[in-house]
Amino acid sequence: MEATRTRAEIPIHLESTNKGRRTCEVIIEDGILDNLGDEIAELSSSKDLGRRVVTVTDSHVGKLYGSKLLTGISKEFSSASSTIEIKAGEKSKSLVNASALCDKLAKLGTDRNSALIALGGGVVGDLTGFVACIYKRGIEYFQVPTTLLAQVDSSIGGKTGVDTEWGKNQLGTFHQPRAVFIDPTTLDTLPKKETINGVAEIVKSAIVADRRIFDRLCDAQESDLLSLETLKPLIPSVCRIKAQIVAKDETEVGPRATLNFGHTVGHAIESASSYSLSHGRCVILGMIAESWVAWQLDLFEERDFSRSQELLERLLNEIAVSQKARQLLGNKKELTRLAMSDKKSTTSGIRMSLPERIGRMSVGGPDGNYKVPVSNEMFVASINYLREHLA
Ligand SMILES: NC(=O)c1ccc[n+]([C@@H]2O[C@H](COP(=O)([O-])OP(=O)(O)OC[C@H]3O[C@@H](n4cnc5c(N)ncnc54)[C@H](O)[C@@H]3O)[C@@H](O)[C@H]2O)c1
């Protein structure tokens, strides 16, 4: 007897004034990669099975899953054989590469009726989404995320972009994929060092919006915190959190800012390290510091603050925090400068998205925009707290 696969379907209904009503489907199923042709044909806005479908992937993921995906799509689409491979790694997320990708699409005869598939991690997803948005003023695309971070975070929500010399994600658009197809079995080949980036976003989502996920993480044995057995079953719930928040606030003028918890301090550390420290490690450090700020400001309940610190410390024990991270925390002037240039901060100072309880975020200052004003002194104190923590 054939085993039944579990499938989660999460529709995100979007309604923005300039783009009208749209739905993005998030579908999570082990092995969905094998049937992607059927799935795409079912959800496509165009029912033309002769349309061109171009897969964009990177040099690692292409080797692992490229031909499997093509076999799945070719069953349905007659012109589905094109794949464009980019070099794996953050450096590929550039305007030069976006432009080169557009040239390649044009040479393949990609038209407005065509669709792109982003097969890979957040780099492939952000770059492909960006190109899908600008190529011929916008074509349909699908996300097929293969890292934990991309499955629980970056593939959902329609943020696309490229990095520039003056910073990460400085050029970008909001362009929703028609659907996100998540095959958790692809995580089986993901290097362990990449898992931590996804774990940081899972813990963040739990503190922001779901106490039950937080409790499940707390219940995991020390050594299981980073194991796929613990993490895979959480994927649908974490996707649901992001889906609900994005549906309420597609362009991040309100509650979507809550997903930035841990990222003001985290981005400052990541940027100060010239991106040599992984995003996940930096966000974990950021959550420790920002939880402390929330507690100092009497926003975060004492018991929940202690519980969050306990879980974050357990994570810290699992991942090595380098001497470099410790050294960077000594440069408070630079970290403050970087925090002040964070997207949430304003001319009047640093802003952070902070928790009130595990599962609930503060609505913030008088504007209710989920961004809490934090003085420079408090920011520096949180860096000191972090330093003592890591000593
Ligand atoms: N759009 C958003 O909302 C959003 C949110 C968070 C992060 N991001 C962006 O995401 C990017 C980071 O994404 P990432 O962490 O997925 O990194 P990544 O895309 O660079 O992937 C990490 C590495 O894992 C490899 N890989 C991917 N899937 C694999 C698999 N199944 N098996 C083996 N190897 C695999 C890749 O080739 C790469 O070497 C950053 O550019 C960040 O800015 C975007």
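These figures come from a predicted structure and were not determined experimentally. (Residues numbered from 1 in each chain as written. Predicted model: local features only at pLDDT ≥ 70, side-chain atom pairs only at ≥ 80, totals over all residues. Heavy atoms only, no water.)

A. A look at the site of the ligand. Within the structure, the ligand sits among 26 residues, and Asp58, Glu90, Thr146, Thr147 and Thr189 are positioned closest to it. Between Ser154 and the ligand, the recorded distance is 3.5 Å, taken from a backbone N or O atom to a nitrogen atom. Asn169 places a polar side-chain atom, nitrogen or oxygen, 3.3 Å from an oxygen atom of the ligand. Bound to the protein, the ligand loses 88% of the 870 Å² it would expose on its own. Within the residue set of the shell around the ligand, elements represented by two or more residues are α2 (59-74), α4 (122-134), α5 (148-154) and β8 (167-174). Looking at the shell around the ligand, the element that brings in the most residues is α2, giving 4 residues. (Near = heavy atom within 4 Å. Polar contact = N/O pair within 3.5 Å; in protein donor to acceptor, adjacent residues only side chain to side chain. Areas by Shrake-Rupley, 256 points an atom, 1.4 Å probe, with all protein chains shown as cover. Helix = DSSP H or I, 4+ residues; strand = E, 2+ residues; numbered from the N terminus.)

B. View of the pattern of salt bridges. Counted under the stated rule, the structure contains 23 salt bridges. For Glu29, the salt bridge identified is with Arg7, shortest N-O distance 2.7 Å. You can see Glu29 sitting in strand β2 (residues 20-29) and its partner Arg7 sitting in strand β1 (residues 7-16), a full 22 residues away along the chain. Overall, Glu29 belongs to the buried group, its relative accessible area being 10%. A salt bridge links Arg7 to Glu39; the nearest nitrogen and oxygen atoms lie 2.8 Å apart. Of this pair, Arg7 sits in strand β1 while Glu39 is found in helix α1 (residues 36-43), placing the two residues 32 residues apart along the sequence. Here Arg7 falls in the partly exposed class, since its relative accessible area comes to 35%. With a relative accessible area of 13%, Glu39 lands in the buried category. The structure contains a network of salt bridges with shared partners spanning Arg7, Glu9, Glu29 and Glu39. (Salt bridge = Lys/Arg side-chain N within 4 Å of Asp/Glu carboxyl O. Buried < 20%, exposed > 50% of the residue type's maximum accessible area, 1.4 Å probe, protein only.)

C. Just the sheet that holds β1, in detail. Spatially, the 7 strands line up as an open sheet ordered β1-β2-β9-β6-β5-β3-β4, and their pairing is mixed. Every interior strand has two partners, whereas the edge strands, β1 and β4 (83-86), have only one. Here the strands of the sheet are splayed against their neighbours by 15° on average, with no regard to which way each runs. Along the sheet, α1 contacts β1, β2, β5 (115-120), β6 (140-145) and β9 (179-182); its crossing angle with β9, the most-contacted strand, is approximately 160°. Contacts from helix α9 (residues 235-248) reach β1, β2 and β9 within the one sheet, and its direction differs from that of β1 by about 10°. (Pairing = 2+ DSSP bridges. Axes fitted to C-alpha atoms, helices over the stretch in contact; angles between N-to-C directions. Contact = heavy atoms within 4.5 Å.)

D. Local environment of the state of the cysteines. All told, the structure shown has 0 disulfides when counted by the stated rule. A disulfide-free cysteine, Cys24 has its sulfur positioned 10 Å from the sulfur of Cys239, the nearest such atom. For Cys24, a relative accessible area of 1% puts it in the buried group. The closest cysteine sulfur to the non-disulfide-bonded Cys133 is located on Cys102, 11 Å from its own sulfur. Assessed through its relative accessible area of 18%, Cys133 is described here as buried. (Disulfide = S-S within 2.5 Å.)

E. Structural view of helix α15 (residues 376-390). With 15 residues, α15 extends 21 Å from end C-alpha to end C-alpha; this agrees with the ideal 21 Å at 1.5 Å per step. Residues of α15 that are buried include every one of Met378, Phe379, Ser382, Ile383, Tyr385, Leu386 and Leu390, and no others. Seen end-on, α15 carries its buried residues on one side only, within an arc spanning 155°. Turned more than 90 degrees off the buried face of α15, the exposed positions are Glu377 and Glu388. (Expected span 1.5 Å × (residues − 1). Arc of directions from axis to C-beta.)

Note that every value here comes from positions in space, so none of it alone points to a role or purpose.
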